[in-house]
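Architecture at a glance
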Amino acid sequence: MVDKSVITPLYVQIANELRKEILSNQYGEHGCIGTHAQLADRFSVSLITIRKAVQILEDEGIVEILQGKGTFVRRASLVDPLQDLTGISNIMNALQMDKQVQVPVFELRDTPDWISRDIRRELGPKSLFIRRVVSVEGVPMSCADMFLPGKYSPRFTKSEVEERTVYQIYRDKLGVILGRGRQIIRAAGAKGEVADCLGLAENSPVLQIERKAYDDHANLIEYMVLSYEASKYCFEVELELNNQ
């Protein structure tokens, strides 16, 4: 609910609350979140405040207003514009969303054989394996399986990874200058522990990113397989047509 004693405007608080509910699939894919009058009554605010809150969500493309019917979910997912090598934590921070981060696995282990030979060579015989799960309102949104070169293992702690992204730790704690990243985006089926972390049945559809990140000297600093529950995340790309 909203708190009238804090400095954050009421319409921003309401937009944040409704956004969380939409992303946690409380209203389904195209459900109605209420009329302006119903929302004003629910939050005990004026219609003007509700209009401002709903306008924020409409500008984000999350809802659409159908005159005389109410406000309906348009897209119950987070949108990554693919302008930078980013992730769900950055997008949630930008939207001022509360998120919960869990790191159920954090250990130095043998670099697995299923990783390609060139990546294994850069990671070393042992790598720091981190599984990082991000949730909203208790609903899992993403599961990241990260492998960092074993030489960096003593420099990372589980508590840090729960509070900050790996890139932030590299940059702010280790003084590593971040370089470029390459990623492949594909449709896949949730398997084993990843399916369990996301609360999905085996082989449920997920959006999967395979990412390699490097420092400014082209040294590998992270290999990651990131899985999103298919309905919770999407990518949006703006293309130039004049070159066709």
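Provided above is the structure to which this section pertains.
Below is a short write-up of the structure. (Residues numbered from 1 in each chain as written. Predicted model: local features only at pLDDT ≥ 70, side-chain atom pairs only at ≥ 80, totals over all residues. Heavy atoms only, no water.)

Remarks on the sheet that holds strand 6 (residues 126–136)
Judged by pairing direction, the sheet is antiparallel, and its 6 strands sit side by side in the order 5-6-7-10-9-8 without closing on themselves. The two strands at the open ends of the sheet, each matched to only one other strand, are strand 5 (100–110) and strand 8 (178–189). Taken over all neighbouring pairs, the strand axes of this sheet differ in orientation by 15° on average, direction set aside. Of the strand pairs in this sheet, strand 7 (residues 139–149) and strand 10 (residues 220–229) are connected by 6 bridges, and their pairing is antiparallel. Note that in strand 10 the partner of Phe147 across the bridge is Tyr223. (Pairing = 2+ DSSP bridges. Helix = DSSP H or I, 4+ residues; strand = E, 2+ residues; numbered from the N terminus. Axes fitted to C-alpha atoms, helices over the stretch in contact; angles between N-to-C directions.)

Focus on helix 2 (residues 36–43)
Of all the positions in helix 2, only Leu39, Ala40 and Phe43 are classed as buried. Along helix 2, the residues classed as buried sweep out an arc of 100° about the axis, all on the same side. Among the exposed residues of helix 2, those oriented more than 90 degrees off its buried face are Ala37 and Asp41. Structurally, helix 2 contributes buried residues whose contacts are with helix 1 (10–23), strand 1 (32–34) and helix 3 (47–59). Two residues or fewer past helix 2, Ser44 is found with a positive phi of approximately 55°. (Buried < 20%, exposed > 50% of the residue type's maximum accessible area, 1.4 Å probe, protein only. Arc of directions from axis to C-beta. Contact = heavy atoms within 4.5 Å.)

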